[in-house]
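Listed below are the residues making up each chain.
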Amino acid sequence: MATFVLVHGAGHGGWAWRRLTPLLRRAGHDVHAPTLTGLGERSHLASSDVDMETHVTDVLSVLFFEDLREVVLVGHSYGGVVITAAAHRDPSRIGRLVYLDAPIPADGERSVDLLAPEHRDEQGQLPPPPPGERMARLGITDPSDAAWVGARLRPQPPGPQLQPLRLSLAEAAALPRTLVFCGRTPENFPAARFRQRLDAAGASGYLVLDEGHDAMLTAPERVAELLLPLAGP
């Protein structure tokens, strides 16, 4: 049995994994899907005090208090920034990092730096598009899904977007990593921009899923097919 800890993206919450977690559990694995402070059912805790350290602590606290080890730590979108920072704070309970349509930030980089300059404001936020357009960007086309997701999205706390990352632990850099990109993600999203950087550098070895950005909601079976082999024998 493996342990998956699933970290959601900006504006989302632990609810974003509700279609994926049963598939992983059905295969016999332990699954945790925490909600970061200020989002989802914890949106009432949003404040100017919430920063990247808060979100890193959210994740590491689950690993410690649940006594989880050799965790497959999955980050979707902004969650990729969080899992990277968490690994560099304490890699001791992490067995593998998985980036689901997520960028890998560099030392000293801020989450806002991963956004296209024309698509961010001074607080590192994406200006909210019309609801229908926002759902299309996430790859959500079913009207009932769009209504369900739209009702649960919350503004991303600005603090985590603006805090430079300190990534210096060799043990964290040595952790196995798997990158999965969604092929239908808009080009100005951080994951797509990061993939472009990899391609320009001649990198290879990443996986591509022909789905939209929120594939864990629109294609949970396909995401599960990619994650389950990472659980090991």
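Throughout what follows, the structure given in this document is the object of discussion. (Residues numbered from 1 in each chain as written. Predicted model: local features only at pLDDT ≥ 70, side-chain atom pairs only at ≥ 80, totals over all residues. Heavy atoms only, no water.)

**Some thoughts on the nonpolar core**
Then, number 1: Ranked by size, the top nonpolar core spans 36 residues in total, and within it M52, L73, L97 and L179 carry the most contacts.
Then, number 2: Of all the secondary-structure elements, those providing two or more residues to this core are β1 (3-7), α2 (52-65), β3 (71-76), α3 (78-89), β4 (94-100), β5 (177-182) and α8 (190-200).
Then, number 3: Sort the elements by how many residues they give to this core and α3 lands first, with 7 residues.
Then, number 4: Residues L100, L153, C182 and L227 belong to the second largest nonpolar core, which totals 31 residues. (Core = buried A, V, L, I, M, F, W, Y, C linked by side-chain atoms within 4.5 Å. Buried < 20%, exposed > 50% of the residue type's maximum accessible area, 1.4 Å probe, protein only. Helix = DSSP H or I, 4+ residues; strand = E, 2+ residues; numbered from the N terminus.)

**Things to note about the packing of α2 against α3**
Then, number 1: Packing of α2 against α3 brings their axes to within 9 Å, and their N-to-C directions diverge by 75°. Judged by the angle between their axes, α2 and α3 are roughly perpendicular. Contacts from M52, E53, H55, V56, T57, V59 and L60 of α2 reach α3 at Y78, V81, V82, A85, A86 and R89.
Then, number 2: Taken together, the residues that form the contact of α2 with α3 break down as 9 nonpolar, 2 polar and 2 charged. (Axes fitted to C-alpha atoms, helices over the stretch in contact; angles between N-to-C directions. Parallel < 35°, antiparallel > 145°, perpendicular 65-115°, else oblique. Contact = heavy atoms within 4.5 Å. Nonpolar A, V, L, I, M, F, W, Y, C, P; charged D, E, K, R; others polar.)

**Let's talk about helix α5 (residues 143-150)**
Then, number 1: Within the sequence span of α5, burial applies to D145, A146 and V149. On an axial view of α5, the arc spanned by its buried residues comes to 100°, and they lie on one face. Facing away from the buried side of α5 by more than 90 degrees, the exposed set consists of P143 and A147. (Arc of directions from axis to C-beta.)

**So, α8**
Then, number 1: Within the span of α8, buried status applies to P190, A191, A192, F194 and L198.
Then, number 2: Along its buried surface, α8 packs onto β5.
Then, number 3: Just downstream of α8, G202 is the residue with a positive phi angle, here 80°.

**Brief notes about the pairing of β5**
Every regular strand shows the same layout, with side chains that alternate between the two sheet faces.
Then, number 1: By the criterion of burial, β5 is predominantly enclosed, with 5 of the 6 residues buried.
Then, number 2: Here β4 pairs with β5 via 4 bridges, running parallel. Directly across from V98, in β5, lies its bridge partner T178.
Then, number 3: Here 3 bridges tie β5 to strand β6 (residues 207-209), and the two strands are oriented parallel to one another. By the bridge assignment, V180 is partnered in β6 with L207. (Pairing = 2+ DSSP bridges.)

**A few points about the packing of aromatic side chains**
Then, number 1: Per the counting criterion, the structure on display carries 4 aromatic pairs.
Then, number 2: Ring centres of F64 and F65 lie 5.0 Å apart, and the angle between their planes is 85°; on these two criteria the pair is classed as edge-to-face.
Then, number 3: F65 sits in the exposed class, given a relative accessible area of 67%.
Then, number 4: Centroid distance F181 to Y206: 5.0 Å. Interplanar angle 90°. Geometry classified as edge-to-face. Placement of the pair is F181 in strand β5 and Y206 in the loop between α8 and β6, with a sequence separation of 25 residues. Per residue, the accessibility class of F181 equals that of Y206, and both read buried.
Then, number 5: An aromatic cluster of at least three residues, connected via ring pairs, comprises F181, F194 and Y206. (Phe/Tyr/Trp six-rings, centres within 6.5 Å; stacked < 30°, edge-to-face > 60°.)

**Here's the deal with the sheet that holds strand β2 (residues 30-32)**
Then, number 1: Spatially, 6 strands are ordered β2-β1-β3-β4-β5-β6 in an open sheet, and the strand pairing comes out parallel. In the strand order of this sheet, the two ends are held by β2 and β6, each with one partner. For this sheet, the mean angle separating the axes of adjacent strands, direction not counted, is 20°.
Then, number 2: Alignment of β3 against β4, held across 6 bridges, turns out to be parallel. Bridged to V71 within β4 is I94.

**Considering the pairing of β4**
Then, number 1: The buried fraction of β4 amounts to 6 of the 7 residues, a majority that puts the element mostly inside the structure.
Then, number 2: The parallel pair β3 and β4, bridged by α3, forms a crossover whose chirality is right-handed. (Right-handed = clockwise from strand over helix to strand, strands pointing away.)

**Notes on the pattern of salt bridges**
Then, number 1: Inspection of every chain in the model, using the stated rule, returns 9 salt bridges.
Then, number 2: Residue E53 pairs with R89 through a salt bridge whose shortest N-O separation is 2.7 Å. Of the two residues, E53 sits in helix α2 while R89 sits in helix α3, which places them 36 residues apart along the sequence.
Then, number 3: With a relative accessible area of 37%, E53 lands in the partly exposed category.
Then, number 4: Two residues, R184 and D210, come together in a salt bridge whose shortest N-O distance is 3.2 Å. (Salt bridge = Lys/Arg side-chain N within 4 Å of Asp/Glu carboxyl O.)

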